Amino acid sequence: MVLSSRDVDVFEGARGRLEAIAYRMLGSAGDAEDAVQDTFLRWQAADRDSVEIPEAWLTRVLTNLCLNQLTSARARRETYVGQWLPEPILAGDRMLGPAETAEQRDTVSIAVLTLMERLTPNERAVYVLREAFGYPHAEIAGILDLTEPNCQQIHRRARQHMAAGRARTATDATAARRIAEQFLAAALTGEVEPLVRMLTGDAVGVADGGGEVPARTTPIHGGLQLARLLRGILRPGSIDRFIPEGALTIHAAVVNEGPALVALAGEQVIGVICLEVTGEGIAALHIQGSPSKLRRITREWAATRTE
């Protein structure tokens, strides 16, 4: 069916919210974009005159597309090379969606997106729609073809699974950037002690190279071990054989609503380290180095530098 300008406007008005739902559901900006595009194609083919509430219809279609992707993603993760981490998104990207409250910011953190991998597809859908977007259980039940009591039970179970993770400290953009700047300053001293003071004793480091670039296939445990690793990586000349001399720069940034370091080779983002902050200190480093998961943040980084 031919789309009218009103039909296009309806979809474009919902696009940002759809992208934000899909990203939280899938942990991948690329997959989220594909899901939103497939939703648009279904909107184009639908009998739109019979759609009473376009927002609800679009959300239902998108959510079910994401559920299908999550099911196939579980199979792909079984053969994934090394550790899997979500795709990092730079502050200001509309795909992050609502971030007015600490709870909303928390649902898009790399730590929480990683933790959501423990959930079943239905648990993840209910958790995202309820926690990040405030959908009532009755509406979520309609989207997922569940009863309302069943939806409430799934939500309780999802919250229990998520509560098994660390108690993170929510940060606003100002606090996140300050922590990132302090951590970068500590990392650039060339000394282990400043980093050890910021890391918890049981801190964990997880790296995702996606089989595309070298990365540890198992987590690194211990603040001292992580501090030594970072000192080695950032020591002058340590990676000159991979990057032309003088091309590497490292910046403090806010990524996924939390503190992060962004490493660039020229104009290309080659790594993002997201810091998981708790009341005791930085408890985890989520290191993304997979080039396929750094394309969007490279574009967004360049855009912010030319505004």
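Residues numbered from 1 in each chain as written. Predicted model: local features only at pLDDT ≥ 70, side-chain atom pairs only at ≥ 80, totals over all residues. Heavy atoms only, no water.

(A) View of unusual backbone geometry. Of note, Asp145 is a non-glycine position whose phi angle comes to about 55 degrees, a positive value. Residue Asp145 is classed as exposed on the basis of its relative accessible area of 59%. The backbone of Glu257 shows a phi angle near 65 degrees, a positive value even though the residue is not glycine. Of note, Glu257 is situated in the loop between strand 3 (248-255) and strand 4 (258-265). On the basis of relative accessibility, which here comes to 15%, the residue Glu257 falls in the buried class. (Buried < 20%, exposed > 50% of the residue type's maximum accessible area, 1.4 Å probe, protein only. Helix = DSSP H or I, 4+ residues; strand = E, 2+ residues; numbered from the N terminus.)

(B) Structural context of the nonpolar core. Residues Tyr23, Met25, Leu62, Met116 and Leu144 are the most contacted members of the largest nonpolar core, which totals 48 residues. Of all the secondary structure elements, the ones that give two or more residues to this core are helix 1 (5-26), helix 2 (29-45), helix 3 (54-77), helix 5 (110-115), helix 6 (121-132), helix 7 (137-144) and helix 8 (148-163). It is helix 1 that contributes the most residues to this core, nine residues altogether. Not counting residues within four places of it along the chain, the set of residues in contact with Met25 comprises Thr63, Cys66, Leu67, Leu70, Arg124, Ala125 and Val128. The next biggest cluster of nonpolar side chains, apart from the first, holds 22 residues, and it includes Ala180, Phe183, Leu199 and Ala252. (Core = buried A, V, L, I, M, F, W, Y, C linked by side-chain atoms within 4.5 Å. Contact = heavy atoms within 4.5 Å.)

(C) Quick peek at the UniProt feature "domain: RNA polymerase sigma factor 70 region 4 type" (unreviewed entry) in the chain. According to UniProt, the positions carrying the feature "domain: RNA polymerase sigma factor 70 region 4 type" (unreviewed entry) are residues 111-162. Across residues 111-162 one finds 77% helix and 0% strand; the C-alpha atoms that close the span lie 10 Å apart. (UniProt positions renumbered as here; feature names shortened; annotations may be inferred.)

(D) Spatial organisation of the sheet that holds strand 3. Here we have six strands laid out as an open sheet, ordered 2-1-6-5-4-3, and mixed in their pairing. At either margin of the open sheet sits one strand with a lone partner, and together these are strand 2 (220-221) and strand 3. Sheet analysis places strand 4 next to strand 5 (residues 268-278), joined by six bridges and oriented antiparallel. Residue Val262 lies in a different strand from strand 5, and its bridge partner there is Val272. Seen against the sheet, helix 9 (residues 173-187) touches strand 1 (199-208), strand 3, strand 4, strand 5 and strand 6 (281-288) and runs at an angle of roughly 150 degrees to strand 3. Across the sheet, helix 11 (residues 223-234) touches strand 1, strand 2, strand 3, strand 5 and strand 6, and the angle it forms with strand 1 is around 50 degrees. (Pairing = 2+ DSSP bridges. Axes fitted to C-alpha atoms, helices over the stretch in contact; angles between N-to-C directions.)

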